[in-house]
Amino acid sequence: MHKKTFISDEWKTNLDEMWAARHSFHHLRPSAESDQRKLEETARNTLKLLNDLDREFFGFTVRDGMVVPEHPEYWSITDGESLVFLRGRE
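Residues numbered from 1 in each chain as written. Predicted model: local features only at pLDDT ≥ 70, side-chain atom pairs only at ≥ 80, totals over all residues. Heavy atoms only, no water.

### Some remarks on the pattern of salt bridges
Alright, step 1. For the coordinates displayed, the defined rule picks out three salt bridges.
Alright, step 2. The partner of Asp 16 in a salt bridge is Lys 12, with the nearest N and O atoms 2.7 Å apart. Of this pair, Asp 16 and Lys 12 both sit in helix α1 (residues 9-20), four residues apart, roughly one helical turn.
Alright, step 3. For the salt bridge of Arg 55 with Asp 52, the shortest nitrogen-to-oxygen distance reads 2.4 Å. Note that Arg 55 and Asp 52 are positioned in helix α3 (residues 33-58) at a spacing of three residues, about one turn of the helix.
Alright, step 4. The exposure class assigned to Arg 55 is partly exposed, which follows from its relative accessible area of 44%.
Alright, step 5. Note on Asp 52: relative accessible area 22%, which makes it partly exposed.
Alright, step 6. Several salt bridges converge on common partners, so that one network encompasses Lys 48, Asp 52 and Arg 55. (Salt bridge = Lys/Arg side-chain N within 4 Å of Asp/Glu carboxyl O. Helix = DSSP H or I, 4+ residues; strand = E, 2+ residues; numbered from the N terminus. Buried < 20%, exposed > 50% of the residue type's maximum accessible area, 1.4 Å probe, protein only.)

### Digging into the confidence of the model for the protein chain
Alright, step 1. Summing up the model confidence of the protein chain, the mean pLDDT is 77 and the portion of residues at 70 or higher is 82%.
Alright, step 2. Averaged pLDDT values over the elements of the protein chain bottom out at 72 in helix α2 (residues 22-26) and peak at 89 in strand β1 (residues 60-63).
Alright, step 3. In the model, residues 84-90 has pLDDT below 50 throughout and makes 11 contacts with residues more than four positions away in sequence or in other chains. (pLDDT = per-residue confidence, 0-100. Contact = heavy atoms within 4.5 Å.)

### Quick look at the packing of α1 against α3
Alright, step 1. Two elements in contact, α1 and α3, have axes whose closest approach is 11 Å; the angle formed by their N-to-C orientations is 145°. Once α1 is placed against α3, the crossing between them reads as left-handed. Touching Trp 11, Asn 14, Leu 15 and Met 18 of α1 are Thr 46, Leu 49, Leu 50, Asp 52, Leu 53 and Glu 56, all from α3.
Alright, step 2. The residue makeup of the contact of α1 with α3, split by class, is six nonpolar, two polar and two charged. (Axes fitted to C-alpha atoms, helices over the stretch in contact; angles between N-to-C directions. Left-handed = near helix turned anticlockwise from the far one by under 90°. Nonpolar A, V, L, I, M, F, W, Y, C, P; charged D, E, K, R; others polar.)

### Observations concerning the packing of aromatic side chains
Alright, step 1. All told, the structure shown has one aromatic pair when counted by the stated rule.
Alright, step 2. With 6.4 Å between their ring centres and 50° between their planes, Phe 57 and Phe 58 make a pair best called tilted.
Alright, step 3. Here Phe 57 falls in the buried class, since its relative accessible area comes to 13%. (Phe/Tyr/Trp six-rings, centres within 6.5 Å; stacked < 30°, edge-to-face > 60°.)

Structure, rendered in structure tokens:
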């Protein structure tokens, strides 16, 4: 994604750090109090990063019953389709 310039250097760094830390995560023991705190902190940080990334790519608002992407450059559309392509169903 970075090579195709979909994500910034900052995103790449954050994702690389998360990926590199995955091995240490597996060696923590939930039975040890300090490891339990580290497990919780790692899980919280990972979920936050993934949630932020999700918003970056798939964030949208709904205006007049239509979905409007916050970052349309990441959304794929084909010829003839409107960028605002989903209407609320009633």
